[in-house]
Amino acid sequence: MDASGVSSNPAIVLDLTSDDESDDNAHLTLHPRVNGVNGVHDLDALDGSEDEENTDDEWDIESLFEDTIEEMGDENLFDGDACTLDEAIAFRHELRTIGPEEFCRRTVEANTISAKKLLTAFGIRAPPFLEGSPDDAYYGLLSLAISRELSKRIKLPKYNTVDDAVELIRKSKNIIVLTGAGISTSLGIPDFRSKDVGLYSKLASLGLPINDPQEVFNIEVFKQDPNIFFSVAKDILPEIDRYTPTHKFIYLLQQRGKLLTNYSQNIDNIEAAAGILPEKLIQCHGSFATASCFKCGAQVPGETIFADIRADRIPRCAKCTASLRAKNHGSMKRKRSQNGQDKKRRRYDGADSSDDDYDLEDKAGIMKPDITFFGEQLPDRFSERLTNHDKGLVDLVIVIGTSLKVAPVSEVIPYLPAHIPQMYISRTPVSHVNFDVDMLGDCDVVVAELCRRLGWELDHEMVPQGQKVEVKLQEGFPSRHLFTAINRE
């Protein structure tokens, strides 16, 4: 499942800007007063020549709109207020060909299209609060949309079909696999963000004393009241010995010498059960594999605390408890020797020993699963592996079961060399990344069909014998394929 390690709009802890790539597209500004198309023409800030003395008079567009942006995928470009898919593709191509300043002159300045409608070509629907506003009110948001479009990797046109994807897997030797919650949901482990059924949707209905369901995984909230986290932790505990066909697929890549690194956003540690080697696995947001005392730092295997979590008890540190018990025992011996009432004390102490133990345990440190909460740094191995090892070796990227919404893991894809082929496997497409091949459907169904075409045996109890998979090209999308299991014997 997708961990909550780092929020979707944090200060990025890892600088993923390549040394040989300009970061000019990363930050656009808008002057408060917008006349005509001047607001859009502030896109000439892309050349980096902006006067630093004027920065106090500028607004940060992304900060201004980040809470109101409604993204729309290409599959939604069919209503009357949006560009058609063909128009959107043409506008994106024109933007990259002539540059943002000339593009704005030929479009919104020339009144060939409204800024509101042009937003949809870049995957953004205008927020309701701007409805009825003059068109120049949309210029700031259009600046952001253009900036985001220019920062996207350009799809490699030579890869489009499922057979292309199969051949890429067959010939590649250093594959990065980036996984999210979608590869574990078939085991009954909920993802985080799915509408109505995701963990955050369920938490919102529990009446917990928090303002946002994500606060369950906020380290400051945990410090103040660990009961909030542990009240829901049992619902996301993994079963130690089970894994999905998708996990098995990643294992097969490893066994065939093709897996460079599996970057997992999941905290369930199921990759280990599937046999992924520690040196091939980066658990970007930590996992339930281990737990550490919040007071003394003692670390234990994660399953040590599972019984307490499932019984709705807050797990306490055995090391702290033993230390407190030893100190308490020494204190009692001194008291007994001072008043000469050893026998009486011994009977009294024996009667209430369970209460004493309870009090001692209550003072012991809390055992927190080694999940990276909001407000905590990601493991050092994440940035070290990506920047110092994988970037120069990778020859294929496969993203499975994640919407790539959480930074800095979401920044891995644009950080890698743009000429490296990328493919996407999940139930629904994403609009903010241009993958070369999209394979949509149940992750287990997709990987089973890929293995069949590769001639690999995916022996797993969750893949029905004789399963047949129908693959259709989604209308209007030359590289988006829909996978459906249609026959199960």
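Keep in mind the model is a prediction, meaning the values are calculated, not measured.

Colleague: Can you walk me through the overall build of the protein in this structure?
Modeller: Across its full length, the protein carries 19 helices and 15 strands. For the protein, with 489 residues in total, the buried portion stands at 48%. Taking the intrachain contacts of the protein between residues at least 6 apart in sequence as the baseline, contacts between residues at least 24 apart amount to 70%. Of the roughly 23900 Å² that the protein leaves accessible, carbon and sulfur atoms contribute 46%.

Colleague: Mind showing me how you'd approach the packing of aromatic side chains here?
Modeller: Applying the stated criterion across every chain, the model contains 13 aromatic pairs. Look at Y263 and F382: their rings are 6.0 Å apart centre to centre, the planes differ by 90°, and that puts the pair in the edge-to-face class. Pair noted here: Y263 is in strand 6 (residues 259–264) and F382 is in helix 17 (residues 380–390), with a separation of 119 residues, a long-range link. Neither residue differs from the other here; Y263 and F382 are each classed as buried. Counting every residue linked through ring pairs, the aromatic cluster contains F217, F222, F229, F230, F294 and F373. We note K368 situated over the ring of F373; from NZ or CZ to the ring centre the distance is 4.5 Å.

Colleague: Help me out: how do you make sense of the UniProt feature "binding site: Zn(2+)" (unreviewed entry) in the protein in this one?
Modeller: UniProt's entry tags C293, C296, C317 and C320 with the feature "binding site: Zn(2+)" (unreviewed entry), counted in the numbering of this structure. Spanning 28 residues, the named residues form one tight spatial group whose C-alpha atoms are at most 8.5 Å apart. For C293, the contacting residues outside a window of four places in its chain are A298, C317, C320, G365, I366 and M367. Looking at where C296 falls in the secondary structure, it is placed in the loop between strand 8 (286–293) and strand 9 (299–301). For C296, the contacting residues outside a window of four places in its chain are C317, K319 and C320.

Colleague: Is there a simple way to think about the pairing of strand 5 (residues 175–179) in this case?
Modeller: Of all five residues in strand 5, five are buried; the element is thus mostly enclosed. Side chains I175, V177 and T179 project from strand 5 onto one buried face, and the interleaved I176 and L178 project onto a second face that is buried too.

Colleague: Explain the confidence of the model for the protein here, please?
Modeller: Any region with low pLDDT has predicted coordinates that should not be read closely. With 71% of its residues at a pLDDT of 70 or more, the protein has an overall mean of 79. Note that residues 1–39 has pLDDT below 50 and, in this model, 106 contacts with residues that lie over four places away or in other chains. Across residues 41–64, confidence stays below pLDDT 50; counting only partners more than four residues off in sequence or on other chains, it has 41 contacts.

Colleague: Explanation requested: the environment of R453 in the structure shown.
Modeller: Within the secondary structure layout, R453 lies in helix 19 (residues 443–454). Along the chain, R453 and D163 lie 290 residues apart, while their C-alpha atoms are 8.2 Å from each other. Side-chain polar atoms of R453 contact the side chain of E449, separated by 2.9 Å.

Colleague: For this particular structure, what's the right way to read helix 11 (residues 245–255)?
Modeller: An α-helix turns once per 3.6 residues; consequently, residues spaced three or four apart project the same way. Within helix 11, nine of the eleven residues are buried, which leaves the element mostly enclosed by the surrounding structure. For helix 11, the set of buried residues is P245, T246, H247, K248, F249, I250, L252, L253 and Q254. Buried residues along helix 11 sit in contact with helix 7 (162–171), strand 5, strand 6, helix 12 (270–274), strand 11 (396–400) and helix 19.

Colleague: What is the right way to read the state of the cysteines from this model?
Modeller: Put plainly, two cysteines are in a disulfide when a covalent bond ties their sulfur atoms together. Considering all chains together, one arrives at zero disulfides under this definition. Here C296 is not disulfide-linked; the sulfur of C293 is the nearest cysteine sulfur, at 3.7 Å. Looking at C296, the relative accessible area reads 37%, which means it is partly exposed.

Colleague: What is the right way to read the packing of helix 11 against helix 19 from this model?
Modeller: To describe two helices that pack against each other, one gives the angle between their axes and the distance between the axes. At their nearest, the axes of helix 11 and helix 19 sit 8 Å apart, and the two run at 40° to each other. Crossing angle aside, the handedness with which helix 11 passes helix 19 is left-handed. Counting all contacts with helix 11, which are made through P245, T246, F249 and L252, the residues of helix 19 involved are C443, D444, V447 and C451. Of the residues in the contact of helix 11 with helix 19, the class split is six nonpolar, one polar and one charged.

Colleague: Honestly, unusual backbone geometry in this entry has me stumped. Any pointers?
Modeller: Among all residues save glycine, negative phi is the norm, and among peptide bonds the norm is trans. We note that N111 has phi near 60°; this positive angle belongs to a residue other than glycine. Within the fold, N111 resides in the loop between helix 4 (100–106) and helix 5 (115–121). By relative accessible area, which is 69% here, N111 ends up exposed. Here the phi dihedral of D312 falls at roughly 60°; this positive angle occurs in a residue that is not glycine.

Colleague: Any chance you could explain the pairing of strand 8 here in plain terms?
Modeller: The two faces of the sheet receive side chains in turn, since in a regular strand these alternate between them. Within strand 8, six of the eight residues are buried, which leaves the element mostly enclosed by the surrounding structure. As paired elements, strand 8 and strand 10 (residues 367–371) share four bridges and run antiparallel to each other. For G286, the partnering residue across the bridge sits in strand 10 and is I371. Two elements, strand 8 and strand 9, share three bridges in a ladder whose sense is antiparallel. The partner of S292 across the bridge, within strand 9, is Q299. Counted between consecutive antiparallel strands, the loop separating strand 8 from strand 9 contains five residues, among which G297 sits at a positive phi close to 85°.

Colleague: What am I meant to see in the packing of helix 3 (residues 85–98) against helix 6 (residues 139–151) here?
Modeller: Packing of helix 3 against helix 6 brings their axes to within 11 Å, and their N-to-C directions diverge by 80°. Between helix 3 and helix 6, the angle is such that the two are roughly perpendicular. Between helix 3 and helix 6, the contacting residues are R92, L95 and R96 on the first element and I146, E149 and L150 on the second. Of the residues that constitute the contact of helix 3 with helix 6, the class distribution is three nonpolar, no polar and three charged.

Colleague: Mind showing me how you'd approach the sheet that holds strand 8 here?
Modeller: Across a sheet, paired strands are connected by hydrogen bonds in the backbone, their directions being either parallel or antiparallel. Pairing is antiparallel in the open sheet, where three strands are placed in the order 9-8-10. Edge strands, defined here as strands with exactly one partner in the open sheet, are strand 9 and strand 10. The sheet shows a mean angle of 40° between the axes of neighbouring strands, taken without regard to direction.

Colleague: What should I look at first to understand helix 7 in this one?
Modeller: Residues V162, A165, V166, L168 and I169 constitute the buried set of helix 7. Angularly, the buried residues of helix 7 cover 160° about the axis, an arc narrow enough to put them on a single face. Of the residues in helix 7, the exposed ones pointing more than 90 degrees away from the buried face are D163 and K171. One side-chain oxygen of the residue at the start of helix 7 lies 3.4 Å from the amide nitrogen of D163, identifying that residue as T161.

Rules and cut-offs
- Residues numbered from 1 in each chain as written.
- Predicted model: local features only at pLDDT ≥ 70, side-chain atom pairs only at ≥ 80, totals over all residues.
- Heavy atoms only, no water.
- Helix = DSSP H or I, 4+ residues; strand = E, 2+ residues; numbered from the N terminus.
- Buried < 20%, exposed > 50% of the residue type's maximum accessible area, 1.4 Å probe, protein only.
- Contact = heavy atoms within 4.5 Å.
- Areas by Shrake-Rupley, 256 points an atom, 1.4 Å probe, with all protein chains shown as cover.
- Phe/Tyr/Trp six-rings, centres within 6.5 Å; stacked < 30°, edge-to-face > 60°.
- Lys NZ or Arg CZ within 6 Å of the ring centre and 35° of its normal.
- UniProt positions renumbered as here; feature names shortened; annotations may be inferred.
- pLDDT = per-residue confidence, 0-100.
- Polar contact = N/O pair within 3.5 Å; in protein donor to acceptor, adjacent residues only side chain to side chain.
- Disulfide = S-S within 2.5 Å.
- Axes fitted to C-alpha atoms, helices over the stretch in contact; angles between N-to-C directions.
- Left-handed = near helix turned anticlockwise from the far one by under 90°.
- Nonpolar A, V, L, I, M, F, W, Y, C, P; charged D, E, K, R; others polar.
- Pairing = 2+ DSSP bridges.
- Parallel < 35°, antiparallel > 145°, perpendicular 65-115°, else oblique.
- Arc of directions from axis to C-beta.

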